[in-house]
Structures are given as structure tokens and as C-alpha cells.
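Observations on chain architecture
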Amino acid sequence: QVQLVESGGGLVQAGGSQRLSCVASGTATLSIINWSWHRQAPGKQRELVASIVGGGITNYADSVKGRFTISRDMRKNTVYLTMDGLKPEDTAVYYCKTTHLGRDLWGQGAQVTVSS
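Residues numbered from 1 in each chain as written. Predicted model: local features only at pLDDT ≥ 70, side-chain atom pairs only at ≥ 80, totals over all residues. Heavy atoms only, no water.

To continue, consider the sheet that holds strand β7 (residues 68–73). An order of β1-β3-β8-β7 is seen for the four strands of this open sheet, with the pairing classed as antiparallel. Of all strands in the sheet, those with a lone pairing partner are β1 (3–7) and β7, marking the two edges. Averaged over neighbouring strand pairs, the angle between their axes works out to 15 degrees when direction is ignored. Two strands pair when backbone bridges link them, and β1 and strand β3 (residues 18–25) are joined in this way by five bridges, in the antiparallel orientation. Looking at the pairing, Leu4 lines up with Ala24 of β3. (Pairing = 2+ DSSP bridges. Helix = DSSP H or I, 4+ residues; strand = E, 2+ residues; numbered from the N terminus. Axes fitted to C-alpha atoms, helices over the stretch in contact; angles between N-to-C directions.)

Below, the structure is given as C-alpha cells:
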């Protein structure tokens with residue numbers, strides 16, 4: 001059974017940086033290629049933040065372009081989200097996501113809180 005386990009997050013001051021990691025366990029023989037990061041702020045809907053697919057094509061929400069970077073290590077079945085220039089409005093629970101054998105899999109969520 002495949003599970004996504006996130007690490008990182010916490011409290012950071014505005015302008016600071018953080019990196020989130022998400023590793024897929026239980027896929028020793030299968031490389032996961034397509035990943036995405038989503039976030040959900042209190043009282044708001046979950047939104048797509050960034051994605052990486054295929055040969056490495058990335059896409060970002062307009063609100064994070066130029067500040068966030070998604071990357072992956074297919075040998076380790078791990079995806080990363082590097083967040084620079086954090087703003088208070090980036091405060092949210094961040095979730096990684098992938099699709100495996102037709103099923104959407106989500107990480108457990110990582111709280112990122114940016115203080116002003």
C-alpha cells in the first residue's frame with residue numbers, strides 16, 4: 001500500500017524560506033513521475049500551488065510564481081516544495097498529491113505559518 005508522508009513546515013517570519021518534502025513509501029519498484037502541491041487556508045478551499053509532470057514540466061499558481069519551486073527526485077520517490085519570500089497570506093496547510101494506479105493519494109498535510 002502506497003502512502004505519502006510529508007515533512008517540514010512550521011513557523012517562519014515573513015520574507016523567510018521553508019522547504020517541504022513528501023516521500024512515497026511502498027513503491028520500491030515504481031517511480032512516481034507526476035506530483036503536485038496544494039494548500040488550504042482556514043475558511044478557504046484547497047487550491048493548487050504547483051505541479052511537476054512528465055519530463056519535468058512545472059506549473060505554478062500566479063500567487064507563488066517566482067517564489068516557490070517544485071522539484072522531485074524520482075529515485076527516492078520524493079517531491080519538494082521550496083518556498084522563498086514567504087508572506088503571511090501563504091499561511092496554510094500544505095498537501096502533496098500524486099496518482100498511483102488510478103487512485104489519488106494525498107499526504108497528511110504540513111502546517112506552514114508565516115508571521116508578519
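In this section: the nonpolar core. Membership of the largest hydrophobic core comes to 29 residues, with the highest contact counts inside it found for Trp37, Leu81 and Tyr94. Filtering out sequence-adjacent residues up to four positions away, Leu81 remains in contact with Gln18, Arg19, Leu20, Trp37, Val49, Ala50, Phe68, Thr69, Ile70 and Tyr94. (Core = buried A, V, L, I, M, F, W, Y, C linked by side-chain atoms within 4.5 Å. Buried < 20%, exposed > 50% of the residue type's maximum accessible area, 1.4 Å probe, protein only. Contact = heavy atoms within 4.5 Å.)

None of this, on its own, says anything about what the molecule does.
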